[in-house]
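# Notes for the structure review
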Amino acid sequence: MSVFNTSHRPDNLILYLDAVSVSFDGFKALNALSFYVGRGELRAIIGPNGAGKTTMMDVVTGKTRPDVGSVVFGDRVDLTKLDEAEIANLGIGRKFQKPTVFENQTVFENLELALAGDRSIWASLFFRLNGAQRQRIQQVLALIRLHERRDWLAGNLSHGQKQWLEIGMLLMQDPQLLLVDEPAAGMTDEETMRTAQMLKEIAKDHSVVVVEHDMAFVKSLQCRVTVLHEGSVLAEGSLETVQANEQVIEVYLGR
Ligand SMILES: Nc1ncnc2c1ncn2[C@@H]1O[C@H](COP(=O)(O)OP(=O)(O)OP(=O)(O)O)[C@@H](O)[C@H]1O
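Residues numbered from 1 in each chain as written. Predicted model: local features only at pLDDT ≥ 70, side-chain atom pairs only at ≥ 80, totals over all residues.

### Re unusual backbone geometry
Its identity is not glycine, yet aspartate 25 carries a phi of approximately 50°, on the positive side. You can see aspartate 25 is positioned in the loop between strand E1 (13-24) and strand E2 (27-38). A residue is classified by how many C-beta atoms lie within 10 Å of it, and aspartate 25, with 4 of them, is exposed. Look at glutamine 222: it is not a glycine, yet its phi comes out positive at around 50°. (Helix = DSSP H or I, 4+ residues; strand = E, 2+ residues; numbered from the N terminus. Buried ≥ 20, exposed ≤ 12 C-beta atoms within 10 Å, placed from the backbone.)

Here you go:
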């Protein structure tokens, strides 16, 4: 175990990184990073710009290969041996910062397309929903607060609503682990608070890792927070605990 590790290790793990390093032209974006996420956990990852948050997500989803270290999903699946599509198929969904919904399709159709598994319009032409699938779409519509907007063209939704729709599209694949990159960016205060509530609800059935800068949002998630700095875990615990940590204060104020 790395000397940098300050991460708590839950009993039932969904994700674990052990001494993961990634270098770009000699610069260590991740530096012997070790941390653990428990099954069914909601976890926030914070850290100043360049701390390695995006690189960490890239390593988990197979976009970037670590130079050394292991990335383990569930009991024993070594993610460093798999490509992006294989990792997604295992049940790891990623929500990027910018929403990428089909603007010319309705909210309902977007969810239908996500269910088809293949993000092509062609696939949906030959795809017929069964009762259980229809019910699942209704459930997700309620969860993402877009029930009354189900027949709207996605292009007419607000930025926040598009983010919710995209989260809903990921949920249609029923991922075990959901990685969400700065969901609150560009949202109104009300949308931000609704998003926090939504992620808490989603975390009842899925493990969720959220990278976020907005501290009010992180506070309302009421979950364990991991602070990254220079590619390692600097501190971990409740938001109150990490905000009171001398090193964390130094890193944020010293920016
Ligand atoms: N493809 C790349 N080539 C070179 N350097 C990179 C590459 N990707 C990331 N880096 C560098 O690695 C470091 C970590 O970047 P990363 O994007 O993971 O940080 P972050 O915590 O997500 O930052 P932010 O909060 O600004 O998004 C940064 O210094 C960045 O410039």
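The structure having been displayed, the exposition proceeds.
### Digging into the packing of helix H3 (residues 107-115) against helix H5 (residues 131-143)
Interaxial distance between H3 and H5 falls to 10 Å at its minimum, and their mutual angle equals 125°. The orientation of H3 with respect to H5, classified from their angle, is oblique. Pair H3 / H5 crosses with right-handed handedness. Along its contact with H3, which presents Phe108, Leu111, Glu112 and Leu115, the element H5 presents Gln133, Ile137 and Val140. Classifying every residue of the contact of H3 with H5 by side-chain character gives five nonpolar, one polar and one charged. (Axes fitted to C-alpha atoms, helices over the stretch in contact; angles between N-to-C directions. Parallel < 35°, antiparallel > 145°, perpendicular 65-115°, else oblique. Left-handed = near helix turned anticlockwise from the far one by under 90°. Contact = placed C-beta atoms within 7 Å. Nonpolar A, V, L, I, M, F, W, Y, C, P; charged D, E, K, R; others polar.)

### What to know about the nonpolar core
Counting 71 residues, the largest nonpolar core has Val60, Leu165, Val210 and Leu221 as its most contacted members. Both domains that furnish three or more residues to this core are identified here as domain 1 (1-91 + 177-254) and domain 2 (99-174). Among all residues touching valine 60, those that are not within four sequence positions of it are Leu15, Val71, Leu79, Ile92 and Leu179. (Core = buried A, V, L, I, M, F, W, Y, C linked by C-beta atoms within 7 Å. Domains from an automatic or database assignment.)

### Some remarks on the domain arrangement of the chain
Per the domain assignment, the segments of the chain are domain 1 (1-91 + 177-254) and domain 2 (99-174). In this structure, domain 1 and domain 2 have C-alpha centres spaced 27 Å apart. Taken residue by residue, the interface counts ten residues in domain 1 and nine residues in domain 2. Partitioning the side of domain 1 that touches domain 2 into residue classes produces five nonpolar, two polar and three charged.

### A look at the environment of isoleucine 167
Its place among the elements puts isoleucine 167 in helix H6 (residues 159-172). For the pair isoleucine 167 and valine 180, spaced 13 residues apart in the sequence, the C-alpha separation amounts to 8.5 Å. The residues contacting isoleucine 167, other than those within four sequence positions of it, are Lys95 and Ile144.

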